[in-house]
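Single-letter residue listing:
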Amino acid sequence: MGTMLQKMGMEPGDVPELLNFTRPNWIVSIHQAYLEAGSRIIYANTFGANRRKLARVNREPGPVIAAAIGLAKEAARGFGALVALDVGPIGELLEPMGTLSFETAYDVFAEMMRAGAAAGADLIVIETMTDLYEAKAALLAAKENTGLPVFVTMSFEASGRTFTGCTAASMARTLEGLGADAIGVNCSLGPRELLPLIRELRRNTALPLIAKPNAGLPDPEDGHYDLPPEEFAAAMADLTRAGATLVGGCCGTDPAYIRSLKQILPEETVLPASPPPPGLVCSATTAVTLDRVRVIGERVNPTGKKRFQQALLENDLDYIVSVAVQEMDAGADILDVNVGFPGVDEKAMLPRVVKAIQAAVDLPLQLDSVDPAALEAALRVYNGKAAVNSVSGKEESLAAILPVVKKYGAAVIGLTLDENGLPDTAEKRFAIAEKILSRALSMGIPRQDVWIDCLTLTVSAQQDQAEETLRAVTLVRQKLGLQTVLGVSNISFGLPNRPLVTQTFLIRALHAGLTLPIVNPNQREMMDAVAAFRVLNGEDAQCAGYIARFAQAQAEAKSAPSPSSMTLEEAIQRGLKADAARLARDALQSEAPLNLVEQRLIPALDRVGLDYEKGAAFLPQLLSAAQAAQAVFEEIRQQLDSQGAKQAEKGRLILATVQGDIHDIGKNIVKTVLQNYGYAVIDLGRDVPPETIVETAAAQQIPLVGLSALMTTTLPAMAETVSRLKRLPHPPFVLVGGAVVTPEYAQAIGADGYAKDARAAAAVAREVFAGL
Ligand code: B1M
């Protein structure tokens, strides 16, 4: 639609959805051209018809969507084609990367979905998503507000991830679990580049797969796509062989492409039978396949932990996140999250904690509660495929928990106890496991998503039960082939030298068939036992993991830094706000504030930036590191404020981060330092358009304007701003800075000065105001 509207004369900046009213004949004729070329599903012109985008042109989504669907149906008449409500991204980043809450995003999508269904759409297509969280909000909105089939496609980069770091495996498992009817990829790349992605999706789902690539890759010079229709169609044939059964095109694919594509497609495409994928849980960025022993961390749990209980009661999410980060560092694969404690409203707290942890930790989470309402609230906001801990064999539990697990596509732990309590023989526990499995299967929960916990009892109290638990684990593993879970620590309760007993039991349980031990990953004995077991069980190829673990000195081997040994740099890199602020306060006792910025804060952020560049960290990590850096900066600011005897105002100046750039940590540091040197700073913020800066400078006759830019892509906005400032009748002195700016570049764009850091900026200001 976009490609054709541009060809027909849509101007840059036009809102395509308004053309449903102003150019209905264009829209109908575009649909018809594609239908004549062979399209069997057409997307109505509703991609951006959401409340947030349409508010800018004072339109309501309902009438826009009704008009668009009406035009598509008019065109489709006589072709027997289906009309899809087309739903694109809202256009704003969701929390924690942006400011839009998950709940608001859901409401925005729900309104579109209801309008599309009311207007008579045959199906819903959610497309061009780059954030799995946003795709989830849209899919839930479609499922909960309409009965229409829903397709979801996301846009990936050549790295195999979306720009927020989502993998094809995480996408497939999460969206399939949530009930999508078909999934796939659209936009960003050409058909050749999509092949590995389609293969990866095929490995992870039996759903029909969609492939809608661009017409190749754009020429960097003129922006034209590089594949002609015939080559496009030939490359698409590889995608159909790899399993794509719904095919089409995105940017650059005019009707000639669809015609060529139609010619190479067989009339009936047979979905290749694929074996059920192995069990898996995931966050948006990390998929954990259950094909080997995986460790579930147990520490995000208040039981017996005074500090954790206090954190829950005081809503101290930073502390809770720091516990999760430590478990991740210690090598856990999945984190159990439990916030059940007297005085805590679990239904409110569990989702809050899930949101906080998933912003800093990219491991899959296991949501642990007996309250179905709390579980549902947390599953709703979880970005990925979670596990639920737990359901039991009790009728009441099965009836309350399994529907929630099914709706959100989670895995579930079944506890082998029922109305009669925990049986004392392995066979009776096995019977309960069978009952839970059969009930889950009858509800459509796949077998690989049912995990069984045969329950660990305290050996000092019931000595014979240790053996029964191990026998039950073996029965479940061998006869049902399910994943087995055990919270092993309970075995040693009340005994001296607990780690020894727990480790011995863990080793026995692993050999009995335990696949998902729930342990304290900070206890070296437990992780050592798992590492050794992985070697003996053939899970650790060439013993590489084991050797890496013990190659370093024993003291260093995989031990998580305790909060007391953590450095300020580590706290920033891990995004631990409270720890970072505390360590900054300590450091400021002996270090000068600006040295702290230059020698510790900036290098720490540089390392995060490097990891991001290498694909070892993703946007959420970048963001949490930035938030931790801001907490450090706040300490620095307070210190500077308390030191700097406020001097008389030496002059007024403007500071701004240029248009398109939201990096403002550096600009804020420059601001604080200049304020402390006695200048009054008019802070125009970040992402500031040139006209705002120019108008403010002119209206208030400001002699010095400081501009900051952090990205190569926003340097042109800096150049543009400088050039407009220089055209003023009384141009101000323009100072530029920021990590990408060099003295040469400053000179080339006509700036009057360059400063490499905040101190240098203050020196320039001194000179400028002295010369006035
Ligand atoms: Co992003 N980011 N980021 N980011 N980020 C960079 C800049 C990047 C280099 C990371 C990388 O890939 N290695 C890369 C840019 C690549 C390029 O050049 N094209 C990048 C990218 C790609 C992005 C996004 C596009 C990611 C995405 O969405 N896919 C996105 C951009 C959104 C946008 O701007 N439109 C994005 C988003 C973010 C966060 C929101 C997560 C966060 C910013 C939070 C915030 O600022 N409120 C963030 C962060 C933290 C970074 C890194 C890691 C750190 C930047 C920083 O704050 N440094 C950065 C990597 C890096 O720089 N190593 C990166 C510390 C700060 C104190 O230093 O700003 O240089 P700096 O300031 C210094 C000096 O430069 C100087 O003084 C300061 C103190 O001494 N100075 C001036 C600064 N301004 C001055 C003005 C002056 C004088 C001196 O006179 C007026």
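Residues numbered from 1 in each chain as written. Predicted model: local features only at pLDDT ≥ 70, side-chain atom pairs only at ≥ 80, totals over all residues. Heavy atoms only, no water.

Asker: For the pairing of strand β4 (residues 150-154), give the residues involved together with the corresponding values.
Answerer: Burial runs high along β4: 5 of the 5 residues are buried. Side chains V150, V152 and M154 of β4 all project onto a buried face; the interleaved residues F151 and T153 project onto the opposite face, where all are buried too. Note that strand β3 (residues 123-129) and β4 share 4 bridges and pair parallel. Of the residues in β4, the one forming a bridge with V125 is F151. After leaving β3, the chain enters helix α7 (residues 132-145) and then returns to the sheet as β4, a path that is right-handed. Relative to strand β5 (residues 182-186), β4 is paired through 4 bridges, and the arrangement is parallel. Paired with V152 across the strands is I183, a residue of β5. Where the polypeptide runs from β4 across helix α8 (residues 168-177) and back to β5, its parallel neighbour, the crossover connection is right-handed. (Buried < 20%, exposed > 50% of the residue type's maximum accessible area, 1.4 Å probe, protein only. Helix = DSSP H or I, 4+ residues; strand = E, 2+ residues; numbered from the N terminus. Pairing = 2+ DSSP bridges. Right-handed = clockwise from strand over helix to strand, strands pointing away.)

Asker: Please provide a residue-by-residue account of the coordination of the cobalt atom of the ligand, values included.
Answerer: From the protein, the cobalt atom of the ligand takes a single donor atom, H663 (NE2), 2.3 Å away. Here H663 is to be found in the loop between β19 (651-657) and α26 (665-676). (Donors = N, O, S within 2.8 Å, 3.2 Å for Na, K, Ca; no water.)

Asker: Explain the sheet that holds strand β18 (residues 516-519) to me, and be specific about the residues and the numbers.
Answerer: On the basis of which strands lie adjacent, the closed barrel formed by 8 strands has the order β10-β11-β12-β14-β15-β16-β17-β18 and parallel pairing. If you compare each strand with its neighbour and ignore which way they point, the axes differ by 30° on average. One ladder, built from 2 bridges, connects strand β10 (residues 296-300) with β18; its direction is parallel. Note that in β18 the partner of I296 across the bridge is I518. (Axes fitted to C-alpha atoms, helices over the stretch in contact; angles between N-to-C directions.)

Asker: So what's going on with the pattern of salt bridges? Which residues, and what values?
Answerer: Proximity of charged atoms lets side chains of opposite charge pair with each other. In this structure the tally under the stated criterion is 40 salt bridges. Between E231 and R192 there is a salt bridge, with its nearest N and O atoms 3.6 Å apart. Taken together, the residues span a long stretch of sequence, with E231 in helix α10 (residues 229-241) and R192 in helix α9 (residues 191-204) at a distance of 39 residues. R549 is paired through a salt bridge with D528; the nearest N and O atoms lie 2.9 Å apart. Taken together, the residues span a long stretch of sequence, with R549 in helix α21 (residues 544-551) and D528 in helix α20 (residues 524-536) at a distance of 21 residues. On the basis of relative accessibility, which here comes to 10%, the residue R549 falls in the buried class. Among the ionic contacts, a cluster of salt bridges with common partners joins D291, R292, R294, D333 and R534. (Salt bridge = Lys/Arg side-chain N within 4 Å of Asp/Glu carboxyl O.)

Asker: Residue-level account of the sheet that holds β19, with values.
Answerer: The sheet built from 5 strands is open, its strands ordered β20-β19-β21-β22-β23 with parallel pairing. Where the open sheet ends on each side, the last strands, each with one partner, are β20 (679-683) and β23 (753-754). Taken together, the 5 bridges between strand β21 (residues 704-708) and strand β22 (residues 733-737) define a ladder with parallel strand orientation. Within β22, the position partnered with G706 by the bridge is L735. Strands in contact with α26 are β19, β20 and β21; relative to β20, the strand with the most contacts, it is inclined by about 155°. (Contact = heavy atoms within 4.5 Å.)

Asker: Please set out helix α30 (residues 758-770) residue by residue, giving values where relevant.
Answerer: Helix length check: α30, at 13 residues, gives a terminal C-alpha distance of 18 Å against a target of 18 Å (1.5 Å per residue), a fit within 8%. In this fold, the buried residues of α30 make contact with β19, α26, β20, β21, β22 and β23. The N-cap residue of α30 is D757: its side-chain oxygen and the backbone nitrogen of R759 are 3.3 Å apart. (Expected span 1.5 Å × (residues − 1). Polar contact = N/O pair within 3.5 Å; in protein donor to acceptor, adjacent residues only side chain to side chain.)

Asker: Help me get a handle on the site of the ligand, residues and values and all.
Answerer: Neighbouring residues of the ligand: 38 residues in total, closest D606, I662, H663, D664 and S708. Separating a nitrogen atom of the ligand from a side-chain N or O atom of Q630 is a distance of 3.3 Å. Where the shell around the ligand is concerned, the elements lending two or more residues are α24 (593-614), α25 (619-643), α26, β21 and β22. In terms of residue count, the dominant contributor to the shell around the ligand is α24 (6 residues). (Near = heavy atom within 4 Å.)

Asker: Residues and numbers for the side chain of S369, please.
Answerer: With respect to the helices and strands, the residue S369 is situated in the loop between β12 (365-368) and α15 (372-381). By relative accessible area, which is 4% here, S369 ends up buried. Separated by 2.7 Å, the side chains of S369 and E346 make a polar contact. At 2.9 Å, the side chain of S369 and the backbone nitrogen of D371 are in polar contact.

Asker: Break down the nonpolar core for me, citing the residues and quoting the values.
Answerer: Ranked by size, the top nonpolar core spans 206 residues in total, and within it F109, M113, I126, L175 and I357 carry the most contacts. When near neighbours in sequence (up to four residues on either side) are disregarded, I357 contacts V300, I320, V321, A324, V337 and L365. Listed in part, the 24 residues of the second largest apolar core include V658, V694, M718 and V722. (Core = buried A, V, L, I, M, F, W, Y, C linked by side-chain atoms within 4.5 Å.)

By themselves these figures say nothing about function.
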